[in-house]
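Here is how the chains run, residue by residue.
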Amino acid sequence: VTAAPAGAAAVVLLSGGQDSTTCLAWAMARFSRVVTVTIDYGQRHRIELDAARRIAAAANVPHALIPCDSFIALGGNSLTSSMPVEAASAGALPNSFVPGRNLVFLTLAAAFAWQRGIADLVTGVCQTDYSGYPDCRADTMTALQAALRAGMDCPFTIHAPLMHLTKAETVLLLRDLGRLDWLSLSHTCYNGAVPPCGTCPACQLRAKGFAAAGLPDPLLRAAVRPT
Ligand code: ZN
């Protein structure tokens, strides 16, 4: 069995956050057919899954939720347990690092794509402003692409359009694609707060990007409630 050749369709890993939302807009400008996949890995902030669902609906593309609860059993990180989110100490990874997460996610997305004759995968990983996660780096993606090609005998391409962009450049990319409004549906806060807490590392990185781009964050505008 051979999967269809690359080009016409793409699977986008959609987490419900800013980067994957930008990747969805990027993919829709390049591929005639886009399918989104969200991995339910037991993230304690279930609001992420709702955000992904709403963004896919706004984009009018199919959305699949794939369960993957093994990371809860593995433990040891602040995204699938009640452990407080802490910034990294010198030379160490932050406790929001979920070991193997992107490797597993892309492998699941590739399996999903393979069954549908799709060979193009799109992910929002980025090494420019990255939180120290080694599975967001370009060399990891290059190696994983080779493993997926060999392991499923399919000419997969992993697209990581944000890999070398700053957060500000990512904001401007989505604006240029005309989809900045989708970010009013997105979720970034590591504390799961609505409106966003503004103080966790994820909120701060997001705010820094918008400030550098000189644009207001549509999420903060949406979160302002009349008094
Ligand atoms: Zn936050």
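Whatever comes next refers back to the structure up there.
Residues numbered from 1 in each chain as written. Predicted model: local features only at pLDDT ≥ 70, side-chain atom pairs only at ≥ 80, totals over all residues. Heavy atoms only, no water.

Considering the overall build of the protein chain
Across its full length, the protein chain holds 8 helices and 5 strands. Taken from N to C terminus, the helices and strands of the protein chain fall in the order β-α-β-α-β-α-α-β-α-β-α-α-α. Counting only residues that meet the buried cut, the protein chain has 48% of its 227 residues in that class. Within the protein chain, residue pairs in contact and separated by at least 24 positions form 71% of the contacts whose partners lie at least 6 positions apart. Per element, the accessible surface of the protein chain, about 10,400 Å² overall, is 57% carbon and sulfur. (Helix = DSSP H or I, 4+ residues; strand = E, 2+ residues; numbered from the N terminus. Buried < 20%, exposed > 50% of the residue type's maximum accessible area, 1.4 Å probe, protein only. Contact = heavy atoms within 4.5 Å. Areas by Shrake-Rupley, 256 points an atom, 1.4 Å probe, with all protein chains shown as cover.)

Topic: the sheet that holds strand 1 (residues 9–13)
Pairing is parallel in the open sheet, where 5 strands are placed in the order 3-2-1-4-5. Edge positions in the open sheet fall to strand 3 (63–67) and strand 5 (157–159), since each of these has one partner strand only. Taken over all neighbouring pairs, the strand axes of this sheet differ in orientation by 25° on average, direction set aside. As judged from the 3 bridges shared by strand 4 (residues 120–122) and strand 5, these two strands associate in the parallel manner. Its bridge partner lying in strand 5, Val122 is registered against His159. Contacts from helix 4 (residues 101–115) reach strand 1, strand 2 (33–40), strand 3, strand 4 and strand 5, with the element oriented near 150° to strand 1. Most of the contacts of helix 5 (residues 138–152) go to strand 5, to which it runs at about 150°, and overall it touches strand 4 and strand 5. (Pairing = 2+ DSSP bridges. Axes fitted to C-alpha atoms, helices over the stretch in contact; angles between N-to-C directions.)

Quick notes on the environment of Arg44
Mapped onto the elements, Arg44 comes out in the loop between strand 2 and helix 2 (47–59). Separated by 147 residues in sequence, Arg44 and Asn191 have C-alpha atoms that sit 9.3 Å apart.

As for the pattern of salt bridges
Note that side chains of opposite charge can pair when their charged atoms are close. Under the counting rule described, the total for this entry stands at 5 salt bridges. The residue Asp176 makes a salt bridge to Arg175 at a minimum N-O spacing of 3.2 Å. When the shortest N-O distance is used, the salt bridge between Arg206 and Asp217 registers 2.6 Å. You can see Arg206 sitting in helix 7 (residues 201–213) and its partner Asp217 sitting in the loop between helix 7 and helix 8 (218–223), a full 11 residues away along the chain. Here Arg206 falls in the buried class, since its relative accessible area comes to 4%. Among the residues examined, Asp217 registers a relative accessible area of 8% and is labelled buried. (Salt bridge = Lys/Arg side-chain N within 4 Å of Asp/Glu carboxyl O.)

Looking at the packing of aromatic side chains
Any aromatic ring pair is given by two values, namely how distant the centres are and how the planes are angled relative to each other. In the structure shown here, the tally under the stated rule is 3 aromatic pairs. With 6.3 Å between their ring centres and 90° between their planes, Tyr41 and Phe71 make a pair best called edge-to-face. Taken as a pair, Tyr41 in the loop between strand 2 and helix 2 and Phe71 in helix 3 (residues 70–74) lie far apart in primary sequence, 30 residues in all. Across the pair, Phe71 and Tyr41 agree in class, each one buried. (Phe/Tyr/Trp six-rings, centres within 6.5 Å; stacked < 30°, edge-to-face > 60°.)

Describing the coordination of the zinc ion
Protein-derived ligands of the zinc ion are Cys189 (SG), Cys197 (SG), Cys200 (SG) and Cys203 (SG), with the metal-ligand distances lying across 2.3 to 2.4 Å. Angles of 103 to 118° at the metal separate the 4 donor atoms of the zinc ion, which places the site in the tetrahedral class. Look at where the donors of the zinc ion fall in the sequence and you get C-x7-C-x2-C-x2-C. (Donors = N, O, S within 2.8 Å, 3.2 Å for Na, K, Ca; no water. Tetrahedral: all angles 85-135°; square planar, octahedral: opposite > 155°, others 65-115°.)

A word on helix 7
Here helix 7 spans 18 Å end to end across 13 residues, near enough to the 18 Å set by a 1.5 Å rise per residue. Three or more residues of helix 7 are buried, namely Ala202, Cys203, Arg206, Gly209, Phe210 and Ala213. Buried residues in helix 7, looked at end-on, bunch into an arc of 130°, giving them a common side. Among the exposed residues of helix 7, those pointing more than 90 degrees away from its buried face are Lys208, Ala211 and Ala212. A positive phi of about 75° marks Gly214, the residue just after helix 7. (Expected span 1.5 Å × (residues − 1). Arc of directions from axis to C-beta.)

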